[in-house]
Each structure stands twice: as C-alpha cells, then as structure tokens.
Amino acid sequence: MIQAVRIHSHGGPEVMRLEEIELPPPGPGEARVRHTAIGLNFSDINVRRGGFYQKDPLPMPIILGNEAAGVVLAIGDKVDDVKAGDRVGYCGVGSNFFVNTGAYAQERNVPASRLVKLPDGITDIQAAALMLKGLTAASIVDRAFRPKAGDTILIHAAASGVGLLLVQWSKHFGATVIGTVGNTTKQQVALDHGCDHAILYREVDFVSATRGIVPGGVSAVFDGVGKDTFVKSFDCTAPFGMLVNYGNASGHVPPIDILQLSLKGSLSVCRVGVSQYLGDPARFREAAGRLFDLVERGVLRTAAIRTHPLADAAAAHRQAEAASDAGPVVLLP
Ligand SMILES: NC(=O)c1ccc[n+]([C@@H]2O[C@H](COP(=O)([O-])OP(=O)(O)OC[C@H]3O[C@@H](n4cnc5c(N)ncnc54)[C@H](OP(=O)(O)O)[C@@H]3O)[C@@H](O)[C@H]2O)c1
C-alpha cells in the first residue's frame, strides 16, 4: 500500500484526502518511481476545482498532480531507457494536464518514455519545482515570442513559479523586463530575480504605469493571470506587439473580437499549452536537458522554492490560492 492525495469530487481544498491505495506492478513500457519531490502547479488547483476545460466529467477518484522527481524502483517489460536506481523526473504523461494525473503519491507507475534522467547538478526538489513551469516558459520563448535586446517585455504575476522563470529567461536574452506583482514581498523577489521594474498592479493601474515606463508600449506581454489582465494589456502593447496568454489564475480570458487587434495596433495574440510542447517524448527530454543546463549554469535561479509535506497538500493549495507568497512549491512525500 502507498499513500496518495485523492479527490472524490471537485471543490475546494477540503475535498483533498490522504488515502492508502494499492499500486499494481509496472506494466509493459512503465517504470515504478518512488517520488521524492512533487511539483505543485496551478493546474492542480484547476483540476481540483473542475471547470471550463472539461467537456466530459472526469472519472473519480482522481490522484492530483502532473510532475515529480524520484528514483526508479522497478521496470516493466519493454523498458530499456531507464533502470532501477536511476534518478528521474517527469511532467505530464503525454496527455492534457487534466487527464492521467497522479503525481500526489508516494509512488507511481509512469510510462518510461516520459521520464528524463536527472543530471548530478540538479536536485530532486529543483527538478520537481522546475520542469513543468520551465517547459511552459520554454514553450513561450521558443515558440511564441523570443525576447531580444531592445525589447521590453511585460510579465504578469512576475513572482509566480512560471513568472520568475520568464523574468530570468527574458533578461538572459537581453530584454528589459517589467513585471506586475500582487504585494511588496513579491515585488522584492521579482526585482531580485532581474525584473527592471515591478508594478504593484493591485494598487496602481498597470496600463498607465507601463506606459509611464515605455511610452511607445511593450514588445510583448507574457500573461498567466488571464481574465483580470489579458485584454487590458492590449492598451500597453506597441504596434505589431505580441500578447501571449498561458494561464487563467484569475479566470478564463473572455472571447476576443479579432477586429480589436487591428484597432489596438495590429497586435498578435497567442495561447500556449505546455501539453502540445511536450507531446513528443524526444522533445521533452531535449527541452528538459536545456532547462537543467540553464539552472546548472546559474542562468535560472531556484532560490525561491518552498516545500510542504505531501500530507499538507490541501494547506499548500490554500496558500497558492491566497497568492500571498512568491515562487514555486514542492510537496515532499
Ligand atoms: N499553459 C500551460 O500549459 C501552463 C503550464 C503551467 C502553468 N500554467 C499557468 O501559469 C500560471 C502560473 O502558474 P504557477 O504554477 O506559476 O502559479 P503560482 O506560482 O501559484 O502563481 C499564480 C499567481 O497568479 C497571480 N494571480 C492573479 N490572480 C489570481 C487569483 N485570482 N488567484 C490566485 N492567483 C492569482 C498571483 O500572483 P500576484 O499576487 O502577483 O498577482 C499568483 O501568485 C497559472 O495560471 C497556471 O495555470 C499554464
């Protein structure tokens, strides 16, 4: 028997229960992984709540979670790329984030093709904090908009898990970065991670604050907040600028009239999902390797990681929803 955090219905953090479950031996193509560090992602909160992205109800009960690091305990038939004892990590198992979850558990059988071996310079906690968030950031800077010297990028919720990585990556490419943040603690963390300006967007109007810094508008907006920020951001983007939405922490972005994009300055909009970026296992391993290399070289810093016991996952969700703290959260089984 192993312990896992499951939900039997959608709802608030109170629906999360630590339960004993039976785990079968790994099947063909699978590896059994003993988790040592589990990534908490805002998508776990969305799955727990249920919602807009689901056409059909998910079969209950559900073990939450898409991301973990750990050690291979055993392998099933037809597995030749990992072996017992390997340190590994994964994020997603090849489907959309709301199906085939199962990382909030002491152990899990994972398709071996979805595992990446962890380099010696990357701790299990770093891997669990970074893979899904870092590859989301990579899907933006690789596919949607690559910042360069001379660009100014507006990054909403710059002190979030994904936001801090986008800030550092954009600075690495030579751009100027304006972040928005929810409180003064986050403001300091964002500045410490390289933000050139950090706007307290719950206290001041971020459009006029941004225009005050770059009167001509920003080259691109990276937005994981959604409803509260995305459409408003049209007004602080330079002509021919790009707005990338990658999340809905405040709610779903309302439908956009495409004519508005012309009237606001021939703007482009893009909505990235990391599931497509990670769809191909070879690309996942290659992209994870590049991410780990940036961490090992100190380009992406991980000082802001916070940890909670897996048994306290519901409290960790409450804190994430309260949005009081900066940086990524890792659950320790
Ligand atoms: N597209 C993809 O495939 C993909 C993959 C991973 C993550 N995401 C999305 O990326 C975003 C960031 O993820 P994360 O794991 O880095 O999250 P996180 O660290 O928990 O940060 C989320 C931040 O969003 C801001 N926020 C604004 N309105 C909020 C609200 N009503 N409730 C809670 N937070 C609110 C808060 O920052 P302030 O206090 O500064 O406002 C909060 O700290 C999420 O929307 C997530 O769903 C998308």
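None of the values given here were measured: they were computed from a predicted structure.

Cut-off values and rules
- Residues numbered from 1 in each chain as written.
- Predicted model: local features only at pLDDT ≥ 70, side-chain atom pairs only at ≥ 80, totals over all residues.
- Heavy atoms only, no water.
- Helix = DSSP H or I, 4+ residues; strand = E, 2+ residues; numbered from the N terminus.
- Rg over C-alpha atoms; globule rule 2.2 N^0.38 Å.
- Buried < 20%, exposed > 50% of the residue type's maximum accessible area, 1.4 Å probe, protein only.
- Areas by Shrake-Rupley, 256 points an atom, 1.4 Å probe, with all protein chains shown as cover.
- Lys, Arg positive; Asp, Glu negative; His and termini not counted.
- Charge placed at Lys NZ, Arg CZ, Asp CG, Glu CD.
- Near = heavy atom within 4 Å.
- Polar contact = N/O pair within 3.5 Å; in protein donor to acceptor, adjacent residues only side chain to side chain.
- Contact = heavy atoms within 4.5 Å.
- Axes fitted to C-alpha atoms, helices over the stretch in contact; angles between N-to-C directions.
- Parallel < 35°, antiparallel > 145°, perpendicular 65-115°, else oblique.
- Nonpolar A, V, L, I, M, F, W, Y, C, P; charged D, E, K, R; others polar.
- Pairing = 2+ DSSP bridges.
- Arc of directions from axis to C-beta.

A.B. asks: So what exactly am I meant to see when it comes to the overall build of the chain here?
C.D. replies: Assigned secondary structure in the chain consists of nine helices and 16 strands. Against the 2.2 N^0.38 benchmark of 20 Å for 333 residues, the chain shows a C-alpha radius of gyration of 20 Å, consistent with a compact globule. Seen through its principal axes, the chain has C-alpha atoms that stretch 60 × 40 × 35 Å. With 333 residues in all, the chain has 55% of them scored as buried. Accessible surface, the chain: about 13,700 Å² in total, of which carbon and sulfur atoms supply 53%. Mean positive and mean negative side-chain charge positions of the chain (32 and 32 charges, respectively) differ by 3 Å.

A.B. asks: I would appreciate a short explanation of the site of the ligand in the present structure.
C.D. replies: As a structural note, the neighbourhood of the ligand is formed by 27 residues, with Lys 186, Tyr 201, Arg 202, Tyr 246 and Val 274 the closest of them. Contacts to the ligand include Arg 202, whose side-chain N or O atom sits 2.4 Å from an oxygen atom. Here an oxygen atom of the ligand sits 3.3 Å away from a polar atom, N or O, in the main chain of Ala 249. Protein contacts shield 88% of the accessible area of the ligand, which totals 920 Å² for the unbound molecule. Mapped onto the shell around the ligand, the elements with two or more residues apiece are helix H1 (42-49), helix H2 (124-144) and helix H3 (161-172). Sorting elements by how many residues they give to the shell around the ligand places H2 first, with three residues.

A.B. asks: Explanation requested: the side chain of Thr 210 in the structure shown.
C.D. replies: Mapped onto the elements of the fold, Thr 210 is located in helix H5 (residues 206-213). For Thr 210, a relative accessible area of 0% gives the class buried. One polar contact links the side chain of Thr 210 to the main-chain carbonyl oxygen of Phe 206, over a distance of 2.6 Å. Look past the residues within four positions of Thr 210 in its chain and what remains in contact with it is Leu 154, Ile 178, Ile 199, Val 218 and Cys 236.

A.B. asks: I keep staring at the packing of H2 against helix H8 (residues 281-296) and nothing clicks. Help me out?
C.D. replies: The relative placement of two packed helices comes down to the angle between their axes together with the axis-to-axis distance. In contact at an axis separation of 9 Å, H2 and H8 are set at 105 degrees when each is read in the N-to-C sense. Taken as axis vectors, H2 and H8 run roughly perpendicular relative to one another. Contacts between H2 and H8 involve Gln 126, Ala 127, Leu 130, Met 131, Gly 134, Leu 135, Asp 142 and Arg 143 on the former and, on the latter, Arg 283, Phe 284, Ala 287, Ala 288, Arg 290, Leu 291, Phe 292 and Val 295. Residues of the contact of H2 with H8, tallied by class, amount to ten nonpolar, two polar and four charged.

A.B. asks: Before we go on, may I ask you to explain the sheet that holds strand S4 (residues 62-63) in this structure?
C.D. replies: Strand pairing in a sheet takes place through backbone hydrogen bonds and is either antiparallel or parallel in direction. Taken in spatial order, the three strands make up an open sheet running S2-S1-S4, and their pairing is antiparallel. Each of the sheet's edge strands pairs with one partner strand only, and the pair in question is strand S2 (16-21) and S4. By the bridge criterion, two bridges tie strand S1 (residues 2-7) to S4 in an arrangement that is antiparallel. Bridge assignment links Ile 7 to a residue of S4, and that residue is Ile 62.

A.B. asks: Honestly, helix H4 (residues 184-192) in this entry has me stumped. Any pointers?
C.D. replies: Each α-helix winds once per 3.6 residues, and so residues spaced three or four apart point in a common direction. If you check which residues of H4 are buried, you get Lys 186, Val 189 and Ala 190. For H4, the arc enclosing every buried residue in end-on projection is 100 degrees, short of the 170-degree limit, so these residues lie on one face. Sitting at the head of H4, Asn 183 places a side-chain oxygen 3.2 Å from the backbone nitrogen of Thr 185. Positive backbone phi, approximately 110 degrees, marks Gly 194, located one or two places after H4.

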